[in-house]
Amino acid sequence: FLEDVLHIDLTTNTMNQIMKEHDVSKDGKLDYKEFVQGIRKFQKDIDFLNTLFTTYGGVDGVMFESDLADFLMAEQGAKNRVEAEAEAKTAIQEFSMMGTAADPKRSFTMYGFFSYLLSISNSAM
């Protein structure tokens, strides 16, 4: 359903984690109430990600390499500025086409930022 109807592609591990967290009745299914509670939590997570995006330079709808490097240093535990800038450059090259950025080779939109945060690429930090 999630992939076919809502176009949300999740790994088996991620789906199992979601079920464990939101299947309060432990019946292996999300009933309507459990689903709605999960969506409400997801909305709060989206609001938090939006705040992160705007805090680190995305106020104009675009995050540049230097903005992402700042985020990686402050929030993701990058060891040094050189590492953060290299990761930012790689991430923006990979995810800049997610949405329309002013300079797609050096920046990305909120959608690109979200896609990067939720990707395996980000797990390397």
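Refer to the structure presented above.
## Focus: the overall build of the chain
Item 1. Each helix and strand counted, the chain has 5 helices and 2 strands in total.
Item 2. Of all intrachain contacts in the chain linking residues separated by at least 6 positions in sequence, the fraction that spans at least 24 positions is 39%.

## Focus: helix H5 (residues 110-117)
Item 1. For H5, a buried count of 6 out of 8 residues is recorded, marking the element as mostly surrounded by other parts of the structure.
Item 2. Of the surrounding elements, those touching the buried residues of H5 are helix H2 (32-55), strand S1 (63-64), helix H3 (65-75), helix H4 (81-95) and strand S2 (107-108).

## Brief notes about the pattern of salt bridges
Item 1. Applying the stated criterion across every chain, the model contains 2 salt bridges.
Item 2. A salt bridge links Arg81 to Asp70, with the nearest nitrogen and oxygen atoms 2.5 Å apart. In this pair, Arg81 sits in helix H4 while Asp70 sits in helix H3, placing the two residues 11 residues apart along the sequence.
Item 3. The partner of Glu85 in a salt bridge is Arg81, and the shortest N-O contact between them spans 3.0 Å. Residue Glu85 and its partner Arg81 are both found in helix H4; the two are separated by 4 residues, about one turn of the helix.
Item 4. Accessibility expressed as a relative area gives 40% for Glu85, which makes it partly exposed.

## Side note on H4
Item 1. When the terminal C-alpha atoms of H4 are compared, their 21 Å separation across 15 residues agrees well with the 21 Å that a helix rising 1.5 Å per residue should span.
Item 2. Listed in full, the buried residues belonging to H4 are Ala84, Glu87, Ala88, Ala91, Ile92 and Phe95. Along H4, the residues classed as buried sweep out an arc of 130° about the axis, all on the same side. Of the exposed residues in H4, the ones pointing more than 90 degrees away from its buried face are Val82 and Gln93.
Item 3. Contact partners of the buried residues in H4: S1, H3, S2 and H5.
Item 4. By the N-cap criterion, in which a side-chain oxygen at the helix start approaches the backbone nitrogen of a residue two or three places on, H4 is capped by Asn80, the distance to Val82 being 3.1 Å.

## Examining the nonpolar core
Item 1. In this structure, Met63, Leu68, Phe71, Leu72, Phe108, Phe113 and Tyr116 are the most contacted members of the largest nonpolar core, which totals 20 residues.
Item 2. Secondary-structure elements contributing two or more residues to this core are H2, H3, H4 and H5.
Item 3. If we skip the residues at most four places from it in the chain, Leu68 touches Met63, Ala88, Ala91, Ile92, Phe108, Phe113 and Tyr116.

## Here's the deal with the side chain of Ser115
Item 1. Structurally, Ser115 can be placed in helix H5.
Item 2. Among the polar contacts listed, one links the side chain of Ser115 to the backbone oxygen of Tyr111, at a separation of 2.8 Å.

Conventions and cut-offs
Residues numbered from 1 in each chain as written. Predicted model: local features only at pLDDT ≥ 70, side-chain atom pairs only at ≥ 80, totals over all residues. Heavy atoms only, no water. Helix = DSSP H or I, 4+ residues; strand = E, 2+ residues; numbered from the N terminus. Contact = heavy atoms within 4.5 Å. Buried < 20%, exposed > 50% of the residue type's maximum accessible area, 1.4 Å probe, protein only. Salt bridge = Lys/Arg side-chain N within 4 Å of Asp/Glu carboxyl O. Expected span 1.5 Å × (residues − 1). Arc of directions from axis to C-beta. Polar contact = N/O pair within 3.5 Å; in protein donor to acceptor, adjacent residues only side chain to side chain. Core = buried A, V, L, I, M, F, W, Y, C linked by side-chain atoms within 4.5 Å.

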